[in-house]
Amino acid sequence: ASGSYKSYINGQWLRSCSNKVVTITNPATRKEEFKVQACTREEIDAAYEGCTEAQKIWRQVPLWKRAEALRKVASVLREQRDTIAECLVNEIAKARKDSLSEVDRSADLIEYCAEEGIRLLSKGDFLTSDAFKGTDRTKLCLSSRVPLGNVLCIPPFNYPVNLAVSKIAPALISGNAVLVKPPTQGAVSGLHLAQCFDKAGVFPKGLVNFVTVRASENGDYLAEHPSNNCLSFTGGDVGLSLAKKVGMIPIQMELGGKDACIVCSDADLDLAAKHIIKGGFSYSGQRCTAVKVVLVEGEVADQLIEKVLGGVNKLTVGMPDDNCNITPVISETSANFIEKLVMDAKEKGAKFLTEYRREGNLIWPCLLDHVRPDMDIAWEEPFGPVLPIMRVSNTDQAVEHANKNRVALQSCVFTKDIEKAIKISDSVQSGTVQINGAPARGPDHFPFQGFRDSGIGSQGIANSIGMMTKTKTTVINLN
Ligand code: G3P
């Protein structure tokens, strides 16, 4: 419901002594409907102190009990699915059915993480010294994974629940404490997630904290804090500057993607069109993994475009409550940025296959043909329902364009020739290449990583557990 929400620090719901709030605008109504606390540096210090004390207890809790605690959270989250989905609808204008599936997917992720954690963290290594030249069997080395301490989790607005738990659950199963800084838009959903951890009633006080701040004032303070032992961040370019500031701690970052879709002349064009529509326009294109540019071989371009256009014309446009395919984008700033890219393409001669239309933050799906490299939209992520199509003479040209993208998260290739698909996959330098399917992070246990400015480290459940732990060895000397 609309209103003012408290932060969750050290097991307490807290109104900040700053007496300042951060306001959240519903993207659909464009009215300020929610307020969250603008926490102070002292409150951030208190949250980290809580983390540090709680982590001393939590790291001693047997692994099976940590897994059980996570399962309990997953079950509370399932009970709260309608309430949290309602927050997503109102805060980030995600269609209700997609909001519900974000919550369900998050509960599944937590449960999977509990199982995977048991499997991965119960195993270690055993080495004997006599394998190394000149050494007798006088040393036995046991190694295992131990927690890092406190993990700062910063999820983005587009998946404020799922991308929060994809950081929190691996951190907790590994024996860490967490401080979560929810995105401004998505903070209320995040605080409802905090309530699930609170309601589960199974964690030491202070182990899980949700601290809302004004990022411009205290974002760096949170990240650079001496008690922060690990940063898991998903978001925009601000991640690049954070990476330089945090110092010698493990970092995991995903900072967006200009995901290219290469369509070869021998592709199944119905299949390609279906994936381009879903990949390009789900959640109005506001996914790091959305198809952000189509590179199609000229000889099949007209046929492909006809099929894509047919699908685009069927997309419903309207409000998230009505489960429309295309809903208002996150903010007016974002809508203005999208419009700027569209107008730049128009001035430079792109062909509009659909009429450009905008009402407030609602932008109708827009398909642009004959996009050329001198247009900004060939390189920038609109993060909206706008899809540029570039006609290429051959796949080498497509690969060359894809490899010039600054944010190389995922890409995809459509062809019936598996050998060609593998060759293209080998030459495209992005974190993931999907063959005959649209880019996607899910299923959530798959490795997920960006190349170049798109990020550092690899996510996915097992990789996150690996990144949120460090190797500890004990050597037994036989004298
Ligand atoms: O926005 C990035 C991403 O995490 C979206 O997830 O599974 O819809 O590709 P997915």
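These notes cover the structure that comes with them. (Residues numbered from 1 in each chain as written. Predicted model: local features only at pLDDT ≥ 70, side-chain atom pairs only at ≥ 80, totals over all residues. Heavy atoms only, no water.)

1. Considerations on the site of the ligand
For the ligand, the full set of nearby residues is R105, N158, Y159, L163, R287, C288, T289, A440, R441 and G442. Taking R105, its side chain carries an N or O atom lying 2.7 Å from an oxygen atom of the ligand. Side-chain polar atom of T289 to an oxygen atom of the ligand: 2.5 Å apart, as the coordinates give it. Expressed as a share of its isolated accessible area of 310 Å², the protein-covered part of the ligand is 96%. Partitioning the shell around the ligand into residue classes produces four nonpolar, three polar and three charged. (Near = heavy atom within 4 Å. Polar contact = N/O pair within 3.5 Å; in protein donor to acceptor, adjacent residues only side chain to side chain. Areas by Shrake-Rupley, 256 points an atom, 1.4 Å probe, with all protein chains shown as cover. Nonpolar A, V, L, I, M, F, W, Y, C, P; charged D, E, K, R; others polar.)

2. A look at the packing of helix α2 (residues 63-79) against helix α6 (residues 187-200)
Relative to each other, α2 and α6 sit at 125 degrees, their axes nearing to 9 Å. Judged by the inter-axis angle, α2 sits oblique to α6. Where α2 crosses over α6, the handedness of that crossing is right-handed. Judged by residue contacts, K72, V73, V76 and L77 of α2 engage L193, C196, F197, K199 and A200 from α6. The class makeup of the residues in the contact of α2 with α6 is seven nonpolar, no polar and two charged. (Axes fitted to C-alpha atoms, helices over the stretch in contact; angles between N-to-C directions. Helix = DSSP H or I, 4+ residues; strand = E, 2+ residues; numbered from the N terminus. Parallel < 35°, antiparallel > 145°, perpendicular 65-115°, else oblique. Left-handed = near helix turned anticlockwise from the far one by under 90°. Contact = heavy atoms within 4.5 Å.)

3. Here we look at the packing of aromatic side chains
Two aromatic rings are characterised by how far apart their centres lie and by the angle between their planes. Taken as a whole, this structure holds five aromatic pairs when the rule is applied. Ring geometry for F157 and F383: centres 6.1 Å apart, planes at 75 degrees, overall edge-to-face. With a gap of 226 residues between them, F157 in the loop between β8 (150-154) and α5 (162-173) and F383 in the loop between β18 (366-369) and β19 (386-392) connect regions that are remote in the sequence. The buried category is assigned to F383, whose relative accessible area is 17%. Consider the rings of F197 and F203, whose centres lie 5.8 Å apart with planes at 45 degrees: the pair is tilted. Residue classification places F197 among the buried residues on the basis of a relative accessible area of 4%. For F203, a relative accessible area of 15% gives the class buried. Taken together, the ring pairs connect W58, F197, F203 and F210 into an aromatic cluster. Cation over ring: K94 sits above Y283, and NZ or CZ is 4.8 Å from the ring centre. (Phe/Tyr/Trp six-rings, centres within 6.5 Å; stacked < 30°, edge-to-face > 60°. Buried < 20%, exposed > 50% of the residue type's maximum accessible area, 1.4 Å probe, protein only. Lys NZ or Arg CZ within 6 Å of the ring centre and 35° of its normal.)

4. Describing the side chain of S334
For S334, the position within the fold is in helix α11 (residues 332-347). With near-sequence residues (within four places) excluded, S334 lies in contact with V329 and F383.

5. Digging into the sheet that holds strand β4 (residues 21-25)
Strand order in the open sheet made by the three strands is β1-β5-β4, with mixed pairing throughout. Across the chains shown, the open sheet's two edge strands, defined by having one partner strand only, are β1 (3-5) and β4. Taken over all neighbouring pairs, the strand axes of this sheet differ in orientation by 25 degrees on average, direction set aside. In this sheet, strand β5 (residues 32-37) lies alongside β4 in antiparallel orientation, the contact comprising five bridges. (Pairing = 2+ DSSP bridges.)

6. Some words on the state of the cysteines
Counted under the stated rule, the structure contains zero disulfides. Of the cysteine sulfurs around C113, a residue in no disulfide, the closest is that of C153, at 11 Å. For C113, a relative accessible area of 0% translates into the label buried. You can see C264 has no disulfide; the closest cysteine sulfur is in C261, sitting 9.5 Å from it. A relative accessible area of 0% means that C264 is categorised as buried. (Disulfide = S-S within 2.5 Å.)

7. A word on the packing of helix α4 (residues 96-121) against α5
At a minimum axis separation of 9 Å, α4 and α5 run at an interaxial angle of 20 degrees. Classified by the angle between their axes, α4 and α5 sit roughly parallel to one another. α5 is crossed by α4, and the crossing has right-handed handedness. Every residue of α5 that contacts α4 at E102, R105, S106, L109, I110, C113, A114, G117 and L121 is listed here: N162, V165, S166, A169, P170 and I173. Partitioning the contact of α4 with α5 into residue classes produces nine nonpolar, four polar and two charged.

Purely spatial values, then, with no claim about function.
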